[in-house]
Amino acid sequence: MKRALTLLSFGAVLAFASTQLLAAGNIENGKQKAATCFACHGTDGNAVDPQYPRLAGQYNMYIQQALNEYKTGQRDNAIMKGFVAQLSDQDIQDVAAYFSSLPTKLDTLQGHIQGDKP
C-alpha cells in the first residue's frame, strides 16, 4: 500500500511538472507583446515583403527556438537581437502562441522563396 501511494504521489508530481513544462503562452498577451513585430512580419503574421519570414501558423516551438537563438546570438541578426533582448521567457512563449495561432498563408509562397521569380 505504501509503495502504491509513493508511485501515485510520484505520478502526480510528474504530471504537474510536465504541465508546467508544456504550458502554452497566452495568445492575447502575445498579440500585445508582438506589436513591434508587425512592422516587418505583418499584424496577421503573413509578411508581404519576401525578405521577412511569415510567422502565422508556424510551429509554436519553432518560433520559441528561433527567438531564443536570436537572444543568445546563435542566430546573427542585429535587428532581431535588439527586439528579442527585451523579451522574457514568458514573453517569448506568448509571442509564439500568438503567431502560431494565426491562419497561415505558407501555401502561397510564390515570390517568397529564394530563387523564386515573382
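The paragraphs below set out a description of the structure included in this document. Source: prediction; values computed, not measured.

**With respect to the packing of aromatic side chains**
According to the stated counting rule, one finds 3 aromatic pairs in the structure shown. Here F38 and Y98 contribute two aromatic rings whose centre-to-centre distance is 6.1 Å and whose plane-to-plane angle is 55°, an arrangement assigned as tilted. One end of the pair, F38, is in helix α3 (residues 38–41); the other, Y98, is in helix α6 (residues 89–101), with 60 residues separating them in the sequence. Neither residue differs from the other here; F38 and Y98 are each classed as buried. An aromatic cluster of three or more residues is present, and its members are F38, Y98 and F99. When the ring centre of Y70 is taken as origin, the NZ or CZ atom of R75, which lies over that ring, is 5.6 Å away.

**Section: the packing of helix α4 (residues 60–72) against α6**
A pair of packed helices is captured by two measures, namely the crossing angle of their axes and the spacing between those axes. In contact at an axis separation of 8 Å, α4 and α6 are set at 140° when each is read in the N-to-C sense. Classified by the interaxial angle, the pair formed by α4 and α6 is oblique. Note on packing geometry: the crossing formed by α4 with α6 is right-handed. Each of N60, I63, Q64, L67, N68 and K71 in α4 lies in contact with α6, whose residues at this interface are D89, I92, Q93, V95, A96, A97, F99 and S100. Its residues assigned to classes, the contact of α4 with α6 shows 7 nonpolar, 5 polar and 2 charged.

**Focus: the packing of α4 against helix α5 (residues 78–85)**
With their axes 8 Å apart at the nearest point, α4 and α5 run at an angle of 100° to one another. Accordingly, the angle class assigned to the pair α4 and α5 is roughly perpendicular. Contact with α4, carried on its side by L67, Y70, K71 and T72, involves M80, K81, V84 and A85 of α5 and no other residues of that element. Tallied by class, the residues present in the contact of α4 with α5 amount to 5 nonpolar, 1 polar and 2 charged.

**Structural notes on the side chain of H41**
Tracing the backbone through its elements, the reader meets H41 in helix α3. If we ignore the near neighbours within four places in the chain, the residues touching H41 are N46, A47, Y52, P53, L55 and M80.

**Focus: the pattern of salt bridges**
One pass over the full model with this rule turns up 3 salt bridges. Measuring nitrogen to oxygen at the nearest pair gives 2.5 Å for the salt bridge that ties K33 to D94. Linking K33 in helix α2 (residues 27–33) with D94 in helix α6, this pair joins segments that are 61 residues apart in sequence. Owing to a relative accessible area of 1%, D94 belongs among the buried residues under this scheme. Each of K33, D91 and D94 takes part in one network of salt bridges that share partners.

**Some remarks on the nonpolar core**
Judged by nonpolar contacts, the single largest core of 16 residues is most densely connected at A34, L67, V84, Y98 and F99. Among the elements of the structure, α4, α5 and α6 are those that each provide at least two residues to this core. It is α6 that provides the largest number of residues to this core, a total of 5 residues. Among all residues touching L67, those that are not within four sequence positions of it are M80, V84, I92 and V95.

Reading guide: rules and limits
Residues numbered from 1 in each chain as written. Predicted model: local features only at pLDDT ≥ 70, side-chain atom pairs only at ≥ 80, totals over all residues. Heavy atoms only, no water. Phe/Tyr/Trp six-rings, centres within 6.5 Å; stacked < 30°, edge-to-face > 60°. Helix = DSSP H or I, 4+ residues; strand = E, 2+ residues; numbered from the N terminus. Buried < 20%, exposed > 50% of the residue type's maximum accessible area, 1.4 Å probe, protein only. Lys NZ or Arg CZ within 6 Å of the ring centre and 35° of its normal. Axes fitted to C-alpha atoms, helices over the stretch in contact; angles between N-to-C directions. Parallel < 35°, antiparallel > 145°, perpendicular 65-115°, else oblique. Left-handed = near helix turned anticlockwise from the far one by under 90°. Contact = heavy atoms within 4.5 Å. Nonpolar A, V, L, I, M, F, W, Y, C, P; charged D, E, K, R; others polar. Salt bridge = Lys/Arg side-chain N within 4 Å of Asp/Glu carboxyl O. Core = buried A, V, L, I, M, F, W, Y, C linked by side-chain atoms within 4.5 Å.

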